Amino acid sequence: MNNKEKNIVLIGLTGCGKTTVGKMLAQKINYDFIDMDDFIIESTGKTVPELFAVSEEYFRSCETKACKALSNKRKTVIASGGGAVKKQENMKAFHDNSIIIFLDRPVDNIVGDVEIKNRPLLVNGPNILYRLHDERYDLYKNQCHYRVENDKTLDELVNTIITIINNE
């Protein structure tokens, strides 16, 4: 597949900017945009907290189905769920037809501005972000094609990603 058709999959910790950056990026490069959590909500008819209420395992199985379905898209920026990297098969679904970019944002920055009410894993407080970071950091680094630090303005960050895509 030619690189101009590939999806751009953004991975990283909850609150790292996948949706915000993804929407801006998609608009600038004229791609579709899909937030994986929204896709899961639409396909199941249940909210993320409702799916987690069944069990985290149940949510993760819905996430795997979403990864497989979304991997068939073309020219789409996909904001993955923060935990999508926990299952090898999720990332394997994207690897051949996508450019996977890890948005690496300092946890202290995330804790400072994340909305906890929409994030089921954070209901017991933002301190879990440090544990999730320790748990998942190597997964993010090992599953991405490129790691981009989210320590710039949104415009600078999006332009950095566009440069990466154009040089791919």
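Residues numbered from 1 in each chain as written. Predicted model: local features only at pLDDT ≥ 70, side-chain atom pairs only at ≥ 80, totals over all residues. Heavy atoms only, no water.

In the nomenclature of an unreviewed UniProt entry, the protein is known as Shikimate kinase of Clostridium lentum. Reading the Pathway (unreviewed entry) entry of the UniProt record for the protein gives the comment "Metabolic intermediate biosynthesis; chorismate biosynthesis; chorismate from D-erythrose 4-phosphate and phosphoenolpyruvate: step 5/7." (UniProt positions renumbered as here; feature names shortened; annotations may be inferred.)

**Thoughts on helix 4 (residues 56–70)**
Relative to the 21 Å expected for 15 residues at 1.5 Å per residue, helix 4 spans 21 Å between its end C-alpha atoms, a close match to the ideal helical length. Within the span of helix 4, buried status applies to F59, R60, C62, E63, T64, A66, C67 and L70. (Helix = DSSP H or I, 4+ residues; strand = E, 2+ residues; numbered from the N terminus. Expected span 1.5 Å × (residues − 1). Buried < 20%, exposed > 50% of the residue type's maximum accessible area, 1.4 Å probe, protein only.)

**Describing the state of the cysteines**
Evaluated as defined, the whole model comprises zero disulfides. Just so you know, C62 is unpaired, no disulfide at all, and the nearest cysteine sulfur is the one on C67, 11 Å from it. Lacking any disulfide linkage, C144 is separated from the closest cysteine sulfur, that of C16, by 12 Å. Note on C144: relative accessible area 15%, which makes it buried. (Disulfide = S-S within 2.5 Å.)

**Remarks on helix 8 (residues 154–167)**
For helix 8, spanning 14 residues, the distance from its first C-alpha to its last is 20 Å, which sits close to the expected 20 Å at 1.5 Å a residue. Residues L157, V158, I161, I162, I164 and I165 constitute the buried set of helix 8. Taken end-on, helix 8 shows its buried residues confined to a sector of 160°, consistent with a single buried face. Contact partners of the buried residues in helix 8: strand 1 (7–11), helix 1 (18–29), strand 4 (98–104) and strand 5 (146–149). (Arc of directions from axis to C-beta. Contact = heavy atoms within 4.5 Å.)

**Some remarks on the nonpolar core**
Counting residues in hydrophobic clusters, the biggest one holds 46 residues, and the most contacted among them are I8, I11, M36, F94 and I161. Broken down by element, the residue count for this core peaks at six residues, all from helix 8. For I8, the residues in contact, after removing those within four places along its chain, are L25, I29, Y31, T76, V77, I78, I99, I101 and I165. (Core = buried A, V, L, I, M, F, W, Y, C linked by side-chain atoms within 4.5 Å.)

**Digging into the UniProt feature "binding site: substrate" (unreviewed entry) in the protein**
If you check UniProt for "binding site: substrate" (unreviewed entry), the listed places come out as D37, R60, G82 and R136 in our numbering. Considering the arrangement of structural elements, one finds D37 in helix 2 (residues 36–44). Beyond its immediate chain neighbours, meaning those up to four positions away, D37 contacts V48, F59 and G81. Structurally, R136 can be placed in helix 7 (residues 128–143). Under the relative-accessibility criterion, R136 is labelled buried at 2%.

**A closer look at the UniProt feature "binding site: ATP" (unreviewed entry) in the protein**
Residues given the UniProt feature "binding site: ATP" (unreviewed entry) here are G15, C16, G17, K18, T19, T20 and R119. Within the element layout of this structure, G17 appears in the loop between strand 1 and helix 1. Leave out the neighbours within four places in its chain, and G17 touches G22, L103 and N150. Within the fold, T19 resides in helix 1. The residues touching T19, leaving out its near neighbours within four places in the chain, are F33, D35 and A79.

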